[in-house]
Amino acid sequence: MEFPKELIIGPLTYGIEMVEGDLIDEGLYGQTNFRTQVIQVDSSLSEDMKLITLFHEVIHVIEAQHRSPTDKKQFTEEEVVWLSNGMYLFLKENGFGDTIECKVDLEIDEDDLDMGQLNGDGSTENY
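Anyway, here's the lowdown on the structure attached to this text. Since the model is a prediction, treat every value here as computed from it, not as a measurement.

1. Some words on the overall build of the chain
When helices and strands are tallied, the chain shows 3 helices and 6 strands. For the chain, the N- to C-terminal ordering of α and β elements is β-β-α-β-β-α-α-β-β. Considering the chain as a whole, with its 127 residues, one finds that 25% of them fall into the buried category. Counting contacts in the chain only where the partners sit at least 6 residues apart, residues at least 24 apart contribute 39% of the total. If you sum the accessible surface of the chain, you get close to 9,500 Å²; carbon and sulfur atoms cover 52% of it.

2. Section: the layout of surface pockets
A volume near 280 Å³ is recorded for the second largest pocket. Lining the second largest pocket are 17 residues, and of these Y29, G30, H56, E57 and E77 lie nearest its centre. Put simply, the parts of the chain that give the lining of the second largest pocket at least two residues each are β3 (30-33), α2 (47-66) and α3 (77-96). If you tally residues by element for the lining of the second largest pocket, the top one is α2, at 6 residues. In terms of residue class, the lining of the second largest pocket is made up of 6 nonpolar, 9 polar and 2 charged.

Parameters at a glance
- Residues numbered from 1 in each chain as written.
- Predicted model: local features only at pLDDT ≥ 70, side-chain atom pairs only at ≥ 80, totals over all residues.
- Heavy atoms only, no water.
- Helix = DSSP H or I, 4+ residues; strand = E, 2+ residues; numbered from the N terminus.
- Buried < 20%, exposed > 50% of the residue type's maximum accessible area, 1.4 Å probe, protein only.
- Contact = heavy atoms within 4.5 Å.
- Areas by Shrake-Rupley, 256 points an atom, 1.4 Å probe, with all protein chains shown as cover.
- 1 Å grid on protein atoms, 1.4 Å probe; cavity = no way out; pocket = protein on both sides within 12 Å on 5 of 7 lines; lining within 4 Å.
- Points joined across faces, edges and corners; volume = space filled by probe spheres on them.
- Nonpolar A, V, L, I, M, F, W, Y, C, P; charged D, E, K, R; others polar.

See the structure below:
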């Protein structure tokens, strides 16, 4: 499975890096640097564990983005593990298989956007 180089999480783009050795030395499967907006995942993990670890780190990012600055309650690591494992199993058991891919290529002519709405069939409705 090929992992994306970046993920858009909320309003921010996070780089995704597969790293060798660094995380193992610290006893981690993955980590997130919120300051540099980079998620690192141990490249020696199985494909399943890489994906679970990526979900785990994304959950940390989502929580950080949506938690109130005055809210002292954070998910415990155990809760994040439950959520990431649950998300992985949900996707795998419901037909998403080994890859989760969503790409949309849009070509929009500037004339189609002139004071109107571009419809799915290529026609426009003018206002």
